[in-house]
Amino acid sequence: MRRMETSSSPATLIHRGKRFEVRCGTTLRDAVRKLGFSPESVLAVRNGELVTDDRILQPGEEIQLVAVISGG
Amino acid sequence: MKCRKCGAPAAINMRQHKLALCRSHYLEWIPEQTERAIEHYAMFRRGEKILVAVSGGKDSLALWDVVHRLGYAADGLYIDLGIDEGISYSSKSRALCETFAAARSLTLHVVSVPREYGATIPEAARNSQRGRRKPCALCGLVKRHIMNRVCREGEYAALATGHNLDDEAAVLLHNAMTWSGGYLVRQSPVLSATRPGLARKVKPFCRTYERETAAYTLMSGIDYIYEECPYSEGSSTLYYKDILNRIEEDRPGAKLQFYLAFLQAKEQGLFAPGASGEAELHDCPQCGQPTSAPGKCAFCRLWETLGTSSAPFPTPHPPTTSPS
């Protein structure tokens, strides 16, 4: 049976394999900052497509945060 | 947010440029910007043969893709460092480079450090003074030597590396914190071949944000190694990049301004000639590469100490994967 998404359902952000449930209705940029990541250090991918960080998070959606900083 | 050029949904927003673009316009924009940098800093010209140092990471593979798409004659060089202990880091990155080259019918030179010199980088580091604490310095020494050698032997006009703006700004901040005059004077988009035996080195992505190169690889569908080198954890580069990104968050464009203003100040004479204390260079009697002190270079001394390879060093021509 298909699960009903309600406005209280969280969105999920995934960073290096770790899953974070975040509140919907806020921008992706704000959610990333709240998790303690710099928005400058990640790219957001939803359903295989890059999305900009002004996106308002929707109930139940999953967004991959791709870390872009490397160094050694 | 909409693409400024066509109004389609944007795939990336670059606050530093006040520019949002869709996928197709972004994939045009990055090569245009790279071409501008190549021309602005007179890095190389069409018709010249260049060598791109590839690691399997996003920056170097994106660079190779871009210069190839722009129509430059660009071969690749992959150095297998033998960092495989339990994680297959080198094996994976080598396979990615080979797949990338084969898909585009490009020539990839591969130099295997363990096969040619008798020890992997971790093994060499464990058994030498230079790398005992951390192998990064030793790894840098080995890579610089091999890149220079292959570039010189292959008669390439330039060695192109995937250093991006974040790399350059992080190094600049590090060196400014310690006022390392010698390093500051030498930091440049182009390192000229100041004497025979030294390859000309260029950084076509020096004005391109790391976030932009990553976006290019993702949008182009280039498969790259996402995992970090296991030895990069806790590196000073990552530390300074993080600080700069915190500044960038509040002041979009700060990293670019920091770097470009430095280059401009240098051009205007901020650093007096000679402040670098540039050392006289000598030829290593064993390998012939330039070295700062008379006698054998650090690279030759390293392998001599380890007793894993005998002089003279092998392979005037590296193993090559050529398009069939």
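Residues numbered from 1 in each chain as written. Chains lettered and ligands numbered in written order. Predicted model: local features only at pLDDT ≥ 70, side-chain atom pairs only at ≥ 80, totals over all residues. Heavy atoms only, no water.

Visitor: Tell me about the overall build of chain A, and please be specific about residues and values.
Guide: What chain A contains, in helices and strands, is 1 helix and 5 strands. Ordered by position in the sequence, the α and β elements of chain A form the string β-β-α-β-β-β. A burial count over chain A gives 49% of its 72 residues as buried. Long-range pairs, those at least 24 residues apart, make up 53% of the contacts in chain A between residues at least 6 apart in sequence. (Helix = DSSP H or I, 4+ residues; strand = E, 2+ residues; numbered from the N terminus. Buried < 20%, exposed > 50% of the residue type's maximum accessible area, 1.4 Å probe, protein only. Contact = heavy atoms within 4.5 Å.)

Visitor: An account of helix α10 (residues 236–250) of chain B is needed here, citing residue identities and associated values.
Guide: A rise of 1.5 Å per residue sets the reference length of α10(B), with its 15 residues, at 21 Å; its end C-alpha atoms lie 22 Å apart and thus fit the reference within 8%. Among the residues of α10(B), those classed as buried are Thr237(B), Tyr240(B), Lys241(B), Leu244(B), Asn245(B), Glu248(B) and Glu249(B). Close packing links the buried residues of α10(B) with α1 (28–34) of chain A together with α7 (165–177), α9 (210–220) and α11 (254–267) of chain B. (Expected span 1.5 Å × (residues − 1).)

Visitor: Before we move on, can you summarise the packing of aromatic side chains with the specific residues and values?
Guide: Evaluation of the coordinates by the stated rule reveals 8 aromatic pairs over all chains. Relative to Phe37(A), the ring of Phe20(A) lies with its centre 5.9 Å away and its plane at 80°, an arrangement referred to as edge-to-face. Here the residue Phe20(A) occupies a position in strand β2 (residues 18–22), and Phe37(A) occupies one in the loop between α1 and β3 (42–46), the gap between them amounting to 17 residues. Assessed through its relative accessible area of 22%, Phe20(A) is described here as partly exposed. Centroid distance Tyr239(B) to Tyr240(B): 5.2 Å. Interplanar angle 75°. Geometry classified as edge-to-face. The exposure class of Tyr240(B) is buried, given its relative accessible area of 11%. One aromatic cluster is present, formed by Tyr117(B), Phe299(B) and Trp303(B) through successive ring pairs. (Phe/Tyr/Trp six-rings, centres within 6.5 Å; stacked < 30°, edge-to-face > 60°.)

Visitor: Give a detailed account of the interface of chain A and chain B, specifying residues and quantitative values.
Guide: Residue-level contacts link 24 residues of chain A with 29 residues of chain B. Both sides of the chain A and chain B interface together cover about 2,200 Å² of buried area, and 52% of this is carbon and sulfur. Here chain A and chain B share 2 salt bridges between them. When the shortest N-O distance is used, the salt bridge between Arg15(B) and Glu40(A) registers 3.1 Å. Applying the counting criterion to the chain A and chain B interface returns 11 residue pairs in polar contact (both at pLDDT 80 or more). (Buried area = accessible area lost by both parts, 1.4 Å probe. Salt bridge = Lys/Arg side-chain N within 4 Å of Asp/Glu carboxyl O. Polar contact = N/O pair within 3.5 Å; in protein donor to acceptor, adjacent residues only side chain to side chain.)

Visitor: Describe the sheet that holds β2(A), naming the residues involved and giving the relevant values.
Guide: With mixed pairing, the 5 strands of this open sheet are ordered in space as β2-β1-β5-β3-β4 (chain A). Two strands in the sheet have a free side with no partner beyond their single neighbour: β2 and β4 (49–51) of chain A. Across the sheet, the mean angle from the axis of one strand to that of its neighbour is 35°, orientation sign disregarded. Bridge analysis of β3(A) against β4(A) gives 3 bridges, and the strand direction is antiparallel. Looking at the pairing, Arg46(A) lines up with Glu49(A) of β4(A). The sheet strands contacting α9(B) are β3, β4 and β5 (62–67) of chain A, and the helix crosses β3(A) at an angle near 25°. (Pairing = 2+ DSSP bridges. Axes fitted to C-alpha atoms, helices over the stretch in contact; angles between N-to-C directions.)

Visitor: Would you mind going over the packing of helix α1 (residues 23–40) of chain B against α9(B) in detail, with residue names and values included?
Guide: Residues and elements named next belong to chain B. For the pair α1 and α9, the least separation of the axes is 10 Å and the interaxial angle reads 125°. In terms of axis orientation, α1 runs oblique to α9. In this structure, α1 crosses over α9, and the sense of that crossing is left-handed. Contacts from Arg 23, Tyr 26, Leu 27, Trp 29, Ile 30 and Pro 31 in α1 reach Glu 212, Thr 213, Ala 215, Tyr 216, Met 219 and Ser 220 in α9. Its residues assigned to classes, the contact of α1 with α9 shows 8 nonpolar, 2 polar and 2 charged. (Parallel < 35°, antiparallel > 145°, perpendicular 65-115°, else oblique. Left-handed = near helix turned anticlockwise from the far one by under 90°. Nonpolar A, V, L, I, M, F, W, Y, C, P; charged D, E, K, R; others polar.)

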